[in-house]
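These are the residues of each chain, in order.
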Amino acid sequence: KNEVEQSPQNLTAQEGEFITINCSYSVGISALHWLQQHPGGGIVSLFMLSSGKKKHGRLIATINIQEKHSSLHITASHPRDSAVYICAVHSSGNTGKLIFGQGTTLQVKP
Amino acid sequence: DTGVSQDPRHKITKRGQNVTFRCDPISEHNRLYWYRQTLGQGPEFLTYFQNEAQLEKSRLLSDRFSAERPKGSFSTLEIQRTEQGDSAMYLCASSLGQRGYTFGSGTRLTVV
């Protein structure tokens, strides 16, 4: 079993829909990242959070440390949101290295 | 600062050849990481440096792989005697402690 599990693996939505991607982890963590990867490889950090909730534009990330679970929500989805979304955690110990989920491929259709 | 730079973007090499990739991190970042990503998977940790010290290496990093960060600035990752299984995207990232985590665009290696 992977230390970081995401669901769903693939997601297709219509433009305007509300989208949720889930991440569960089994290790102790100091922080969690939500990352976006477009075709061609570049990875962009969307959020880094260790508690509660963060919002940036149409994106919202939440984390529940007790339940070892995080969600990424996209409101009013748009075709330009189509990408791979990856959950990654900093394991406890302050090494800085990330443990990644396998990613969720999102396609938003117009 | 233009972020984390990786060179080259793409590399095609014949099996058995040696290859070297370079990563230039954000200048004030003290930590530098190398990850490998195969198609359809999330990245996997290879190694990381704090300043010039290599503090951790993954079991994935066989003795054909070596990484250096000689002056605590740029880093190189060398793969000797490449194998087809080495074909992947090699990602570099840097951070200041755990903050400001920034990825490069990656080097895509194809071994033929």
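For the structure, check the block above.
Rules used in this analysis
- Residues numbered from 1 in each chain as written.
- Chains lettered and ligands numbered in written order.
- Predicted model: local features only at pLDDT ≥ 70, side-chain atom pairs only at ≥ 80, totals over all residues.
- Heavy atoms only, no water.
- Contact = heavy atoms within 4.5 Å.
- Buried area = accessible area lost by both parts, 1.4 Å probe.
- Salt bridge = Lys/Arg side-chain N within 4 Å of Asp/Glu carboxyl O.
- Helix = DSSP H or I, 4+ residues; strand = E, 2+ residues; numbered from the N terminus.
- Nonpolar A, V, L, I, M, F, W, Y, C, P; charged D, E, K, R; others polar.
- Phe/Tyr/Trp six-rings, centres within 6.5 Å; stacked < 30°, edge-to-face > 60°.
- Buried < 20%, exposed > 50% of the residue type's maximum accessible area, 1.4 Å probe, protein only.

The subject of this paragraph is the interface of chain A and chain B. Across the boundary between the two partners, chain A contributes 21 residues, which contact 19 residues of chain B. Taking both sides of the interface into account, the surface hidden between chain A and chain B amounts to around 1600 Å²; carbon and sulfur atoms contribute 53%. Considering only the surface of chain A that becomes buried against chain B, Ile43(A), Lys97(A) and Phe100(A) emerge as the three largest contributors, covering 31% of it. The interface formed by chain A and chain B includes one salt bridge. Every element with two or more residues in the side of chain A that touches chain B is listed here: strand E4 (29-37), strand E5 (43-49), strand E9 (83-91) and strand E10 (98-100) of chain A. Considering only residue class, the side of chain A that touches chain B consists of seven nonpolar, 13 polar and one charged.

All names here are of chain B. For the structure on display, the rule yields ten aromatic pairs over all chains. Ring geometry for Tyr33 versus Tyr48: centroids 5.4 Å apart, planes at 15 degrees, classification stacked. One end of the pair, Tyr33, is in strand E4 (residues 31-37); the other, Tyr48, is in strand E5 (residues 44-50), with 15 residues separating them in the sequence. There is no split in this pair, since Tyr33 and Tyr48 are both buried.

Residue and element names in this part refer to chain B. Per the stated rule, a full pass over the model turns up five salt bridges over all chains. For the salt bridge of Asp24 with Arg22, the shortest nitrogen-to-oxygen distance reads 2.7 Å. A salt bridge links Arg64 to Glu83; the nearest nitrogen and oxygen atoms lie 3.4 Å apart. Here Arg64, found in the loop between strand E6 (53-57) and strand E7 (65-68), pairs with Glu83, found in the loop between strand E8 (75-79) and strand E9 (88-96); they are 19 residues apart in sequence, far enough to count as distant. Residue class for Arg64 comes out buried when judged on its relative accessible area of 9%. A network of salt bridges, in which partner residues are shared, links Arg64, Glu83 and Asp86.

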